[in-house]
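# Analysis of the macromolecular model
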Amino acid sequence: MIEGLHSANRRESRRRSAGEYVAVTVGGAFGAALRYEVWTWRASPRWLLVSTFGVNVFGCLVVGAALGYLWGRPAPVARATVFGLACGFTTFGLYAFHAVTHRGAWNSVVYLLATPVVALVAMAFGAAITRPRTGSAR
């Protein structure tokens, strides 16, 4: 289980609030609109690959940072907002589409392999820099 995704009490089973559903919906809509804005800045096949790569890596960094920051904190609406935003913003379906439709075969291979690796590193980095330190002197 991803620690930052749920509250500190992992065994707790609870109903989601209407506020959480509104937060994830608004976050997702805002993330999707922001992604569309980035995607339409330029009209070239190279830009589509570069922007999709960048958005996916940045979105993973945001999720990682949220996981670190929210680690063990009871903040379901904040979690829902962040994950809605990041999931609306990242574009792995579009990533796969660009990879199979881009004309440069080697560029597609590098793009397909580099995106998930760099995105996972970004997520781990985001979580590492925002996770509260335990056992430190205060």
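Here the residue numbers are simple positions, counted from 1 along each chain's written sequence. Whole-chain, interface and lining totals are the exception, using all residues; otherwise, since this is a predicted model, local features are given only for residues with pLDDT of at least 70 and side-chain atom pairs are given and counted only at 80 or more. As a rule here, side-chain values cover all heavy atoms of the structure and leave hydrogens and water aside.

## Concerning the overall build of the chain
The cut-off we apply is this: Secondary structure elements follow DSSP: runs of H or I no shorter than four residues count as helices, runs of E no shorter than two count as strands, and numbering proceeds from the N terminus. Three exposure classes are used, based on accessible area relative to the maximum for each residue type with a 1.4 Å probe and protein chains only: buried under 20%, partly exposed in between, and exposed over 50%. Throughout, a residue-residue contact means that at least one pair of heavy atoms, one from each residue, lies within 4.5 Å. Surface accessibility follows the Shrake-Rupley procedure with a 1.4 Å probe radius. Residue values consider only the protein chains on display as shielding.
Within the chain one finds 5 helices and 0 strands. Counting from the amino terminus, helix and strand elements in the chain follow one another as α-α-α-α-α. Within the chain, buried positions represent 33% of all 138 residues. Restricting the contact set of the chain to residue pairs at least 6 apart, pairs at least 24 apart contribute 76%. Here the chain displays about 8800 Å² of accessible surface, and carbon together with sulfur accounts for 68% of that area.

## Here we look at a nonpolar patch on the surface
Note the following rule: Put simply, a patch holds well-exposed residues, over 30% relative accessible area, that have no salt bridge, with like charges counted together within 9 Å and Val, Leu, Ile, Met, Phe, Trp or Tyr side chains within 5 Å. Any Lys or Arg side-chain nitrogen found within 4 Å of a carboxyl oxygen on Asp or Glu counts as a salt bridge.
Taken together, the side chains of Trp106, Val109, Leu112 and Leu113 make up a nonpolar region of the molecular surface, amounting to roughly 460 Å² of accessible area. Note that leucine 113 resides in helix 5 (residues 105–130).

## With respect to the packing of aromatic side chains
As a reminder of what qualifies: Ring pairs are drawn from Phe, Tyr and Trp, using the six-membered ring of Trp, whenever the two centres fall within 6.5 Å, and their geometry is named by plane angle: stacked under 30 degrees, edge-to-face over 60, tilted for the rest. In this scheme, Lys NZ or Arg CZ marks a charge over a ring once it lies within 6 Å of the ring centre and within 35 degrees of the ring normal.
Per the counting criterion, the structure on display carries 3 aromatic pairs. In this structure, arginine 73 packs its charged tip against the face of tyrosine 69, placed 4.2 Å from the ring centre. The ring of tryptophan 71 has arginine 131 sitting right over it, with the charged end atom 3.5 Å from the ring centre.

## Focus on the environment of alanine 99
You can see alanine 99 is positioned in helix 4 (residues 92–101). Separated by 50 residues in the primary sequence, alanine 99 and leucine 49 have C-alpha atoms spaced 7.8 Å apart. In this view, alanine 99 contacts Ser108, Tyr111 and Leu112; residues no more than four positions away in its chain are not counted.

## What to know about the environment of phenylalanine 30
Along the chain, phenylalanine 30 turns up in helix 1 (residues 18–39). For the pair phenylalanine 30 and threonine 81, spaced 51 residues apart in sequence, the C-alpha to C-alpha distance is 9.9 Å.

## Re the state of the cysteines
What counts is decided by this rule: We call a pair of cysteine sulfur atoms a disulfide whenever their separation is within 2.5 Å.
A full pass over the atoms with the stated rule returns 0 disulfides. No disulfide involves cysteine 60; its sulfur sits 9.1 Å from the nearest other cysteine sulfur, which is in cysteine 87. Classification of cysteine 60 as buried rests on a relative accessible area of 10%.

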